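As a plain string of letters, each chain reads:
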Amino acid sequence: DAGVIQSPRHEVTEMGQEVTLRCKPISGHNSLFWYRQTMMRGLELLIYFNNNVPIDDSGMPEDRFSAKMPNASFSTLKIQPSEPRDSAVYFCASSLPGPNKNIQYFGAGTRLSVL
Amino acid sequence: SQQGEEDPQALSIQEGENATMNCSYKTSINNLQWYRQNSGRGLVHLILIRSNEREKHSGRLRVTLDTSKKSSSLLITASRAADTASYFCATDVDGSEKLVFGKGTKLTVNP
């Protein structure tokens, strides 16, 4: 099993540019989570999907952030326009349905630097 | 907002010693987990303990849960340099798939 796959691993962009982060969850997992990790704020949940439907987006910082899950094997997190304060590591995670639905499997993350 | 808070924030020990990390949380839970994060990598699930359990073991890991005190501890016995990582506790939210993570304990095991 390839695990959760995120791309790109690193992204450097200039303020005002659009950034798109991508995630492929583990096959058979029906929940997908987007997190942001910074030294100051730790690991924050941005949004999560269940069966491709957004369930809780209360952690999305503002309208500049959007996330989609068009099918069970792909999700994107878009920032438009990007700002320096968006610099962070963004993680995607997925989980199985059932009694172990809380056990999450994380991708390697995308390190975003906005100059 | 963080639900779990780990203590200490950082811990440095010698190889072969035991490492104990603590986690406190605020609201009632169904389960609590511990995850490890190596530098520059994603989090990896270590162990899950349910609210009706008091202690659980997995290899060199021992986790305890005290729901009356809203606290948990993670003990790593006979530590190795490869255990150097950050360790996070995570609690479920209202029975949903959602987790809330603490800020973690950074463990350094010196060879």
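Residues numbered from 1 in each chain as written. Chains lettered and ligands numbered in written order. Predicted model: local features only at pLDDT ≥ 70, side-chain atom pairs only at ≥ 80, totals over all residues. Heavy atoms only, no water.

1. Regarding the overall build of chain A
Then, number 1: Scanning chain A from terminus to terminus reveals 0 helices and 11 strands.
Then, number 2: Across chain A, helices and strands are ordered from the amino to the carboxyl terminus as β-β-β-β-β-β-β-β-β-β-β.
Then, number 3: Relative to the globule expectation of 13 Å for 115 residues, the C-alpha radius of gyration of chain A, 13 Å, shows essentially globular dimensions.
Then, number 4: Each principal axis of the C-alpha atoms in chain A carries an extent, and together these give about 40 × 30 × 25 Å. (Helix = DSSP H or I, 4+ residues; strand = E, 2+ residues; numbered from the N terminus. Rg over C-alpha atoms; globule rule 2.2 N^0.38 Å.)

2. Details of the interface of chain A and chain B
Then, number 1: With 24 residues of chain A at the interface, the matching set in chain B holds 21 residues.
Then, number 2: Between chain A and chain B the total buried area reaches about 1800 Å² when both faces are included, carbon and sulfur atoms providing 47% of it.
Then, number 3: Together, L43, N102 and F106 of chain A form the three largest contributors to the area buried by chain A at its contact with chain B, with a combined 30%.
Then, number 4: Joining chain A to chain B, the criterion identifies 1 salt bridge.
Then, number 5: One salt bridge in this structure joins K98 of chain B and D56 of chain A, with 2.6 Å as the shortest N-O distance.
Then, number 6: On the surface where chain A and chain B come into contact, there are 14 residue pairs in polar contact (both at pLDDT 80 or more). (Contact = heavy atoms within 4.5 Å. Buried area = accessible area lost by both parts, 1.4 Å probe. Salt bridge = Lys/Arg side-chain N within 4 Å of Asp/Glu carboxyl O. Polar contact = N/O pair within 3.5 Å; in protein donor to acceptor, adjacent residues only side chain to side chain.)

3. Thoughts on the state of the cysteines
Then, number 1: Enumeration over the complete set of coordinates arrives at 2 disulfides over all chains.
Then, number 2: C23 of chain A shares a disulfide with C92 of chain A; S-S distance 1.9 Å. Where C23 of chain A bonds to C92 of chain A through sulfur, the torsion about that S-S bond is close to -65°, and the disulfide is left-handed. Residue C23 of chain A is located in strand β3 (residues 19-24), and its partner C92 of chain A is located in strand β9 (residues 88-95); the two are separated by 69 residues in the primary sequence. Taken individually, C23 of chain A and C92 of chain A each receive the classification buried, so the pair is uniform in this respect.
Then, number 3: Paired by a disulfide, C23 of chain B and C89 of chain B hold their sulfur atoms 2.0 Å apart. Here C23 of chain B and C89 of chain B share a disulfide; its torsion about the S-S bond, 65°, makes the bridge right-handed. Of this pair, C23 of chain B sits in strand β3 (residues 19-24) while C89 of chain B is found in strand β9 (residues 85-92), placing the two residues 66 residues apart along the sequence. (Disulfide = S-S within 2.5 Å. Buried < 20%, exposed > 50% of the residue type's maximum accessible area, 1.4 Å probe, protein only.)

4. Quick look at the sheet that holds strand β1 (residues 5-7) of chain A
Residue and element names in this part refer to chain A.
Then, number 1: In space, the 4 strands of this open sheet follow the order β1-β3-β8-β7, with antiparallel pairing throughout. The two strands at the open ends of the sheet, each matched to only one other strand, are β1 and β7 (65-71). Geometrically, the sheet is characterised by an average inter-axis angle of 15° between neighbouring strands, direction not taken into account.
Then, number 2: As judged from the 5 bridges shared by β7 and strand β8 (residues 74-79), these two strands associate in the antiparallel manner. Residue pairing across strands places K68 opposite T76, the latter belonging to β8. (Pairing = 2+ DSSP bridges. Axes fitted to C-alpha atoms, helices over the stretch in contact; angles between N-to-C directions.)

5. Here we look at the environment of T77 of chain B
Residue and element names in this part refer to chain B.
Then, number 1: Relative to the helices and strands, T77 resides in the loop between β8 (71-76) and β9.
Then, number 2: Along the chain, T77 and L61 lie 16 residues apart, while their C-alpha atoms are 6.6 Å from each other.
Then, number 3: The contact partners of T77, leaving out residues within four places of it in the chain, are E17, N18 and R60.

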